[in-house]
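Spelled out, the chains give:
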Amino acid sequence: GELRRLDLAHHLPAQSDYKLQRELGGSRIITRAEGCTITDAEGKSLLDGMAGLWCVNVGYGRDELARVAYEQMLELPYYNTFFKTATPPPVRLAAKIAEKMQASNPALTHVFFNSSGSEANDTIFRLVRHYWALKGQPKRKIFISRKNAYHGSTVAGASLGGMTFMHEQGDLPIPGVEHVLQPYQFGEGFGEDPDAFATRVANSIEERILGVGAENVAAFIGEPVQGAGGVIIPPDSYWPKVEAICRKYGILLICDEVICGFGRLGHWFGHQHWGIKPDLIAMAKGLSSGYLPISAVGVSSEIVNTLVEHGGDFVHGYTYSGHPTCCAVALANIEIMENEDLIERTRTVTGPYLAKVLKRLENHPLVGEARSIGLIGAVEIVSEPGTNKRFTGKEGTAGPIVRDLCIKNGLMVRGIRDSLVMCPPLIITEAEIDRLVDILHQSLNEAEPVLRA
Ligand code: PLP
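Residues numbered from 1 in each chain as written. Predicted model: local features only at pLDDT ≥ 70, side-chain atom pairs only at ≥ 80, totals over all residues. Heavy atoms only, no water.

1. Considering the overall build of the chain
Helix and strand counts for the chain stand at 16 helices and 15 strands. Relative to the 2.2 N^0.38 estimate, which gives 22 Å for 453 residues, the radius of gyration of the chain is 22 Å and therefore close to what a compact globule would have. The principal-axis extents of the C-alpha atoms in the chain amount to approximately 65 × 55 × 45 Å. Counting every position in the chain, which comprises 453 residues, the buried fraction comes to 55%. Within the chain, counting contacts between residues at least 6 apart in sequence, those at least 24 apart form 70% of the total. Split by element, the accessible area of the chain, about 18900 Å² in all, is 55% carbon and sulfur. Computed over 44 positive and 52 negative side-chain charges, the inter-centroid distance for the chain is 2 Å. (Helix = DSSP H or I, 4+ residues; strand = E, 2+ residues; numbered from the N terminus. Rg over C-alpha atoms; globule rule 2.2 N^0.38 Å. Buried < 20%, exposed > 50% of the residue type's maximum accessible area, 1.4 Å probe, protein only. Contact = heavy atoms within 4.5 Å. Areas by Shrake-Rupley, 256 points an atom, 1.4 Å probe, with all protein chains shown as cover. Lys, Arg positive; Asp, Glu negative; His and termini not counted. Charge placed at Lys NZ, Arg CZ, Asp CG, Glu CD.)

Here it is, written out as structure tokens:
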């Protein structure tokens, strides 16, 4: 239709292949959504197995969030925090986020606002280097991250990220970022004892710290569960080992909770599943369930006090830092999660249910592993059951092939190389989880002759 024509003529969609956009005759135009279901301009409805882009945690069609935005816009749509000023929503939201962070780590007292997850990580990048300079250790500049990590698309975000195909565009990473092994047991530690694998992967951090000199290392950054990398769920002993290494060398621990925060793993923050205590947290997405753009950085009192003791200046901030309307909506979104017990329900009901029905897919001849934690999961597609072997000559293509079949069959999921990933709204019902897994199963059946051809 008309919109697809205009899309082709004028629109560059984010993270897209513009040649493919032309071949397909424009993007699929999504026009409406309700609950866990999205609908396109041609009237086709899809179960949203991705919660938009890992973010619509409370589901679509929440009147109260629209009302809160409307009322805030009438009262005070915008004011900044640059002029020794603040507005009520960011102040209230910061206190609410602090309460959630402090449930597991009382040291996390303060919150800095931005508009996107990428910006949150850029803020962290500057704040951490500035902190070490103030502490009289200006050589501590290096960030250690993991291969295949995703921390955003800005220059610092994509540099912290470990995706080589992103580094190739824009001559990244910028100096001072080191990438070590990721805890991807199915792909890189197949058949290895999980604790031995966790030790090997965590030790790659320590080796790198020693390699570059501990006195030069500022921080380690990681997603509790790598999302865009393919829903990489680390072995249980991995995070405690990483935390111990950070403490041993006195380097800061940063958790990028942009996907894992706000209930995804059945806790307010993903790291709480492993009981570790980060010094900084990046959060976005589920913070507002995607209803408006907002992100935040959780900061420890040690870092705040260091700034205060050295003059207090942090010359960093965005026009939309602490945007009142975005903050008001985020606060109302958190209240929905509280009132509907969505975190507890994810941990005790829907998360375990997804794990149980997803596991059954492991009987399918194309499935090497079906893993999940809370309401985020992945299915690994293999050529031979019981192995991690991919289809020869078709490596990296199985995910997108099955994804296209899922979309045809009424389910939006993402194909990442040879896996499918899912991350539905936290309001998903057991019946919808059944439907999600049924469509995965049917689509795998349909893909099998194509992949074996
Ligand atoms: N960090 C993680 C872990 C993410 O998954 C993402 C986005 O997917 C980002 C950062 C970047 O967030 P944004 O796209 O809002 O800039």
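The structure having been displayed, the exposition proceeds.
2. Here we look at the sheet that holds strand β7 (residues 217-222)
Backbone hydrogen bonds hold the strands of a sheet together, and the pairing may be parallel or antiparallel. The 7 strands lie next to each other as β4-β10-β9-β8-β7-β5-β6, forming an open sheet whose pairing is mixed. The open sheet has two edge strands, β4 (108-114) and β6 (177-180), and neither has a second partner. Taken over all neighbouring pairs, the strand axes of this sheet differ in orientation by 20° on average, direction set aside. Here strand β9 (residues 280-283) runs beside strand β10 (residues 295-300); their pairing, made up of 4 bridges, is antiparallel. When the bridges of β10 are listed, Ala282 appears paired with Val297. Across the sheet, helix α5 (residues 88-102) touches β4, β9 and β10, and the angle it forms with β4 is around 135°. Sitting on the sheet, helix α12 (residues 301-309) touches β4, β8 (252-256), β9 and β10, and the angle it makes with β10 is about 80°. (Pairing = 2+ DSSP bridges. Axes fitted to C-alpha atoms, helices over the stretch in contact; angles between N-to-C directions.)

3. Remarks on the site of the ligand
All residues adjacent to the ligand are Ser116, Gly117, Ser118, Asn121, Tyr150, His151, Gly152, Glu223, Asp256, Val258, Ile259 and Lys285. Tyr150 is positioned such that a nitrogen or oxygen atom in its backbone is 3.5 Å from a nitrogen atom of the ligand. Between the ligand and Asp256, the relevant distance is 2.7 Å, taken from a nitrogen atom to a side-chain nitrogen or oxygen of the residue. Here the ligand has 390 Å² of accessible area as a free molecule, and 85% of this is covered by the chains. Tallied by class, the residues present in the shell around the ligand amount to 3 nonpolar, 6 polar and 3 charged. (Near = heavy atom within 4 Å. Polar contact = N/O pair within 3.5 Å; in protein donor to acceptor, adjacent residues only side chain to side chain. Nonpolar A, V, L, I, M, F, W, Y, C, P; charged D, E, K, R; others polar.)

4. Re unusual backbone geometry
Here Leu172 and Pro173 are connected by a cis peptide whose omega angle stands at 0°. In this structure, Pro173 sits in the loop between α8 (164-167) and β6. Positive phi, normally seen in glycine, also occurs at Asn148, with a value near 70°. Position of Asn148 among the secondary structure elements: in the loop between β5 (142-146) and α7 (155-160).

5. Digging into the pairing of strand β11 (residues 367-373)
Counting buried residues in β11 gives 5 out of 7 residues, a clear majority hidden from the surface. By the bridge criterion, 6 bridges tie β11 to strand β12 (residues 376-381) in an arrangement that is antiparallel. The residue of β12 that forms the bridge with Ser372 is Gly377. As consecutive antiparallel partners, β11 and β12 are separated by 2 residues, and within that stretch Gly374 has a phi angle of approximately 55°, a positive value.

6. Focus: the environment of Ala120
Here Ala120 shows up in helix α6 (residues 117-134). Look at Ala120 and you get buried, because its relative accessible area is 0%. Spatially, the C-alpha atom of Ala120 lies 9.3 Å from that of His151, the residues being 31 residues apart in sequence. The contacts of Ala120, once residues within four sequence positions are left out, are Asn114, Ala282, Met283, Ser295, Ala296 and Val297.

7. Considering the sheet that holds strand β14 (residues 414-416)
Pairing is antiparallel in the open sheet, where 4 strands are placed in the order β11-β12-β15-β14. Strands with a single pairing partner mark the edges of an open sheet, and in this sheet they are β11 and β14. Strand-to-strand, the axes of this sheet are offset by a mean angle of 20°, without reference to chain direction. When β12 meets strand β15 (residues 419-422), the two strands line up antiparallel, connected through 4 bridges. When the sheet's bridge partners are listed, Val379 is paired in β15 with Leu420. Here helix α14 (residues 342-359) sits on the sheet and contacts β11, β12 and β15; the angle it forms with β11, its principal contact strand, is near 175°.

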